[in-house]
Amino acid sequence: MDGNRRYAKRKLLEEGAGHDVGAMALLNMIIYCHELGVKYITAYAFAIDNFRRKPSEVQKIMDLLKECMTVLAKIAKHHPIKVNFAGNLELLNTELRDEARNLMGATAKYSKFVVTICVCYCCTDDIVHSVEESCREKHYYHCYIGDSHDDDKDDERPIIKLVDIEKNMYMAVIPDPDILIRTSDEHRLSNFLQWQTCHSLLASLSTDWPEIGVWHLVKVVLDFQQNYDYFVRKRSLA
Amino acid sequence: MDFSNESRVLHRCSAQIGNLLLRSLWHLIHFIISICNFTLDIANVLESYLISSGLLGRYKSLHIAKLRYLAIVIESEGAYQTSKIIELLQWLDAVGVKHVCLYDIEGRSSGFSLSLGILKKSKDFILENLDGAMLFQVLSYWQPSIYAMQDAHENNVLLDRQHMTLEFVSFSDGKEAVVKAANVLFMKYSKSDVTDKNQKEKIFTESQMSEALKTVGSGGPEPDLLLVYGPARCHSGFPAWRIKYTEIV
C-alpha cells in the first residue's frame, strides 16, 4: 500500500492525512474484492522496519489500525468475514494486541471471505520465527515423545522439513496468493511475501494507494486471467 | 401448474442465454486485451531496436556502475537454449555488467536424489564460451579445507571488475536451502542451553540465518535488479532471502 505520504504531499494535505485516505482505500478494496468473488485478501499495513519512522507517524498508523479493527468488527457482525492479523503481534502495545486477538477469535468460525492484515511483519522475520518454532517443536518431540515412536529408532534426531517451516509461518493461515499488487510504480517486494509469491503475478500500478479504485483491480485480474494457463503450468511443476 | 412449469422453463432459458452473453462478452474483452498487448509488444520491439541502434540519446549513458549485481530468471524452455543465454551474457558484458546470477526453476531434491538446474548442468559449456568469465560460487562450509578461503574468495571475485562473474542458482537454492539452514540452526539449538528458557524469547537472529545459509552454500549477495524473462512478471522461487529489496522487472 505505497503512496500515502506522496499522495498527501501532492494534495497539500496535513501530515498523516494520507494514511487516513489510505485506510479508506483499504476498506473500499476489501469491498471490491468481496464483490468480485475474491476469497482471500491480504494487506501489508505495517512492516517491522516502519518502527524507524517518526514516532508521530507510527502512532498515527497504530490509531488507524485500531479504527480499522473497530470497522471490521462491525462489518463482521453482519457479514461472515474472517479477519487474521499476521506478524509479530508482540511488538504491538497490549491494547492493540488484545483487540486484534479478540477480533480473530470472534471471526474464526467464518471461512468464505478472509481478510488478512499484516502488521509488524516482514518475510525474513517470518522465516526466522518459523525456524524457531520448528526447532522448539522438534526438540520437544525428540526429548519427550520420540522414544515411543517407531520412526525415532536409535535415538535419531528428528529433522526439520519444508512442511514444518511452512506450517509455522505467520502466513500459514491462508494459501499462497495468485496476485501481488504494489502501487506507486514500485517494483520491489520490500520483504513482503517473497516466500509465498513463487508462482504469483507481481503487478505494479503507477497510481498511489489512496487513489486505487475498482478498475485498477479489474485490470490486474484481467492480466492474471490472460496468463492463467502459464501460472497453472508453473504451479503444477512445483 | 402448466403456467408455473412454463415460467420455470422460461426462467432457465433466459438464465442460460444471459450466461452465454456474459461469457461471450468476457471472451471479447480478452480478445481486445490480447490485441492491445500485441500492439504493446510491437512497440517494445521497435523501442528495443531504436535503443540498440543508438538513436535514442537518453540510453547512451547508463551509469552501469550503480548496478553491482544483476540476476536473471530464465524459464525452463529458455534455459535449454544455451546459445541464446551465451549471447545474452555477451551483451551484458559489452554493456558493462560484471556480476550476473542466472536462475532457473528446475533443480530440486527429493529424498536422496538431487536434480541440478538446467543451467547448472550447462555451466561449464557457458563458461567456456564466455571469454574470461569466472564462476562465482558460495562454497559450502561442509568442506573444511576451504573454510578459511570462503570470505576472501567471495570478496576478491566481487571486487574484480575485469572479468564477468557468473553465479548459477536453481530452485533448490531457495526454500530447500532454508530447510537445510534450519537444520544447521536446529543442531546448534539442540546442543545449546537455551532450550529450557522462556518459550517466547527469540532464539535466532536474521544474521544467524544468513550465516547458516552461507554454511549450506546458498548465501550469495542480494541482487540490485532481477530481470524476469517470461510472459508475466513472477520471480519463480528465486531464493527469498536474497530478494528483500531487489527491483524486479
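Residues numbered from 1 in each chain as written. Chains lettered and ligands numbered in written order. Predicted model: local features only at pLDDT ≥ 70, side-chain atom pairs only at ≥ 80, totals over all residues. Heavy atoms only, no water.

All right, on to the overall build of chain B then. Helix and strand content of chain B: eight helices and eight strands. Evaluated residue by residue, chain B yields a buried proportion of 41% over its 249 residues. In chain B, once contacts between residues fewer than 6 apart in sequence are set aside, the share between residues at least 24 apart is 71%. If you sum the accessible surface of chain B, you get close to 14900 Å²; carbon and sulfur atoms cover 61% of it. (Helix = DSSP H or I, 4+ residues; strand = E, 2+ residues; numbered from the N terminus. Buried < 20%, exposed > 50% of the residue type's maximum accessible area, 1.4 Å probe, protein only. Contact = heavy atoms within 4.5 Å. Areas by Shrake-Rupley, 256 points an atom, 1.4 Å probe, with all protein chains shown as cover.)

Right, let's talk about the sheet that holds strand 3 (residues 113-121) of chain A for a bit. All names here are of chain A. Taken together, three strands build an open sheet; the order of strands is 1-3-2 and the sheet is parallel. Both edges of this open sheet fall to strand 1 (40-47) and strand 2 (81-86), since each of them pairs with a single strand only. When strand polarity is set aside, the average angle formed by the axes of neighbouring strands in this sheet is 15°. For strand 2 and strand 3, the ladder comprises six bridges, and the chain directions are parallel. Residue pairing across strands places Ala86 opposite Cys118, the latter belonging to strand 3. Sheet contacts for helix 3 (residues 55-78): strand 1, strand 2 and strand 3; angle to strand 2, the most-contacted strand, approximately 155°. (Pairing = 2+ DSSP bridges. Axes fitted to C-alpha atoms, helices over the stretch in contact; angles between N-to-C directions.)

Moving on, we come to the packing of aromatic side chains. All names here are of chain A. All told, the structure shown has nine aromatic pairs over all chains when counted by the stated rule. With a centroid separation of 5.9 Å and an interplanar angle of 80°, the aromatic rings of Phe224 and Tyr228 are classed as edge-to-face. By relative accessible area, which is 12% here, Phe224 ends up buried. Overall, Tyr228 belongs to the partly exposed group, its relative accessible area being 46%. Ring-pair connections join several aromatic residues into one group, and the members of that group are Phe224, Tyr228, Tyr230 and Phe231. (Phe/Tyr/Trp six-rings, centres within 6.5 Å; stacked < 30°, edge-to-face > 60°.)

Once that is clear, we can look at the pairing of strand 1 (residues 70-74) of chain B. All names here are of chain B. Burial runs high along strand 1: five of the five residues are buried. Pairing of strand 1 with strand 2 (residues 99-104) involves five bridges; the strand directions are parallel. Bridge pairing in strand 2 places Ala71 opposite Cys101. As paired strands, strand 1 and strand 7 (residues 225-229) are joined by five bridges and run parallel to one another. What sits directly across from Ala71, in strand 7, is Leu226.

To continue, consider the interface of chain B and chain A. When the parts of a complex come together, some accessible area is lost, and that lost area is often taken as the interface size. The interface is formed by 44 residues belonging to chain B together with 45 residues belonging to chain A. Carbon and sulfur atoms make up 61% of the area that chain B and chain A hide from each other, which totals about 4300 Å². For chain B, the biggest contributors to the area lost against chain A are Lys175, Phe186 and Arg233 of chain B; these three give 16% of the whole. Along the contact surface separating chain B from chain A lie five salt bridges. For Asp125 of chain A, the salt bridge goes to Lys202 of chain B, with nearest N and O atoms at 3.6 Å. On the surface where chain B and chain A come into contact, there are 23 residue pairs in polar contact (both at pLDDT 80 or more). Those elements that place two or more of their residues in the side of chain B that touches chain A are helix 1 (2-52), helix 7 (175-191), helix 8 (206-215) and strand 8 (247-248) of chain B. Among the elements that make up the side of chain B that touches chain A, the one with the highest residue count is helix 7 of chain B (nine residues). When its residues are assigned to classes, the side of chain B that touches chain A shows 21 nonpolar, 13 polar and 10 charged. (Buried area = accessible area lost by both parts, 1.4 Å probe. Salt bridge = Lys/Arg side-chain N within 4 Å of Asp/Glu carboxyl O. Polar contact = N/O pair within 3.5 Å; in protein donor to acceptor, adjacent residues only side chain to side chain. Nonpolar A, V, L, I, M, F, W, Y, C, P; charged D, E, K, R; others polar.)

Right, let's get into the domain arrangement of chain A. All names here are of chain A. If you check the domain split of chain A, you get domain 1 (4-122 + 178-237) and domain 2 (123-146 + 156-169). Taking only C-alpha atoms, the centre of domain 1 and the centre of domain 2 are 28 Å apart. At the interface, 10 residues of domain 1 touch nine residues of domain 2. With both chains or domains summed, domain 1 and domain 2 bury close to 720 Å², and 57% of this area falls on carbon and sulfur atoms. The largest per-residue losses of area from domain 1 upon contact with domain 2 belong to Tyr121, Cys122 and Trp195, which jointly make up 66% of the total buried on that side. Here domain 1 and domain 2 share zero salt bridges between them. Between domain 1 and domain 2 we count seven residue pairs in polar contact (both at pLDDT 80 or more) in total. Within the side of domain 1 that touches domain 2, the residues separate by chemical class into six nonpolar, four polar and no charged. (Domains from an automatic or database assignment.)

Positive phi, close to 50°, is recorded for Ser190 of chain A, a residue that is not glycine. Structurally, Ser190 of chain A is set in the loop between strand 4 (179-182) and strand 5 (201-204). Residue classification places Ser190 of chain A among the buried positions, given a relative accessible area of 18%. Its identity as a non-glycine residue notwithstanding, Ser236 of chain B has a phi of 55°, on the positive side. Along the chain, the position of Ser236 of chain B falls in the loop between strand 7 and strand 8.

For the rest of this paragraph, the subject is the side chain of Thr124 of chain A. Tracing the backbone through its elements, the reader meets Thr124 of chain A in helix 5 (residues 123-145). Given the relative accessible area of 0%, Thr124 of chain A is considered buried. In this structure the side chain of Thr124 of chain A is engaged in a polar contact, spanning 3.2 Å, whose partner is the side chain of Glu206 of chain B. Setting aside residues no more than four positions away along its own chain, Thr124 of chain A makes contact with Asn191 and Gln194 of chain A together with Glu206, Trp241 and Lys244 of chain B.

Taken together, the side chains of Leu22, Leu25, Leu28, Ile29, Phe31, Ile32 and Ile35 of chain B define a hydrophobic patch exposed on the protein surface, amounting to about 670 Å² of accessible area. Along the chain, the position of Leu25 of chain B falls in helix 1. (Patch = residues over 30% accessible without salt bridge, like charges linked within 9 Å, V, L, I, M, F, W, Y side chains within 5 Å.)

Let us look at the sheet that holds strand 6 (residues 165-170) of chain B. On the basis of which strands lie adjacent, the open sheet formed by six strands has the order 5-6-2-1-7-8 (chain B) and parallel pairing. Two strands in the sheet have a free side with no partner beyond their single neighbour: strand 5 (134-135) and strand 8 of chain B.

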